[in-house]
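Residues per chain, in single letters:
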Amino acid sequence: MQKIRLNILGLSVSQTQSGAYALVLSEESGERRIPIIIGPVEAQAIAIQLEGLKPPRPLTHDLIKNIALAFNIVLLEVVIYKLEEGIFYSELLCEMDGREVKIDSRTSDAVALALRFKCPIYTTEEILNKAGIVLEGEEGKQESTTTSEEETGGSVTSPFARYTLQELEEILNEAVQNEDYEKASTLRDEINNRKKN
């Protein structure tokens with residue numbers, strides 16, 4: 001099986017399923033994208049890591065990483081190996097005491113762990129042929145991790161538009177301490193938009 005490396009392109013609110021999110025993975029050496037519908041908890045776990053937020057207490061995926069490291073288990077790679085009836089199947093390739101072990105995983109959990117272990121994510125040509133899409137006019141939009149509402153809203157409609165940059169940073173720190181990651185994500189987007197302008 002020839003593996004093709006994927007990068008995380010971003011997260012957005014799902015247009016097809018209420019309350020769900022779309023995780024978009026992109027082919028590293030190509031133009032195809034794979035949208036994967038995931039739940040809000042998994043989206044939050046991925047977004048927190050993508051945005052570099054540090055929760056005051058470990059979340060589930062952080063706990064799994066801490067346990068793995070305590071027992072000298074290393075996550076080498078994640079492979080999305082099957083697509084059946086719209087469901088992606090993934091496995092974790094782990095190493096412990098020089099022995100490799102494959103562990104079945106939901107794709108959203110596998111991606112959240114790959115981010116924490118900083119390991120590569122792969123798929124197959126067959127899956128890219130089945131689920132891969134090429135979006136028109138996507139050049140230059142590689143860094144987007146915002147939701148579609150935020151992309152259309154911008155800082156003009158932001159509830160934080162009246163705050164200074166320093167005040168926003170303080171509110172962001174408070175939101176992280178209170179584990180209000182949705183608010184923290186909105187604040188982070190507002191801060192990033194201001195720094196770009």
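Residues numbered from 1 in each chain as written. Predicted model: local features only at pLDDT ≥ 70, side-chain atom pairs only at ≥ 80, totals over all residues. Heavy atoms only, no water.

Trainee: Quick question: what am I supposed to make of helix H2 (residues 60-70) here?
Mentor: Three- or four-residue spacings in an α-helix give side chains the same orientation, since the helix completes a turn every 3.6 residues. Within H2, burial applies to His61, Asp62 and Ala68. The arc that holds every buried residue of H2, seen down its axis, measures 125°, which confines them to one face. For H2, the exposed residues set more than 90 degrees away from the buried face come down to Thr60 and Ala70. Those residues of H2 hidden inside the fold are in contact with helix H1 (40-50), strand E4 (73-84) and helix H3 (107-117). Once H2 ends, the next one or two residues include Asn72, with phi positive near 55°. (Buried < 20%, exposed > 50% of the residue type's maximum accessible area, 1.4 Å probe, protein only. Helix = DSSP H or I, 4+ residues; strand = E, 2+ residues; numbered from the N terminus. Arc of directions from axis to C-beta. Contact = heavy atoms within 4.5 Å.)

Trainee: Would you mind going over the side chain of Ser90 with me for this structure?
Mentor: Relative to the helices and strands, Ser90 resides in strand E5 (residues 87-96). Engagement of the side chain of Ser90 in a polar contact is seen with the side chain of Thr107, the distance being 2.6 Å. (Polar contact = N/O pair within 3.5 Å; in protein donor to acceptor, adjacent residues only side chain to side chain.)

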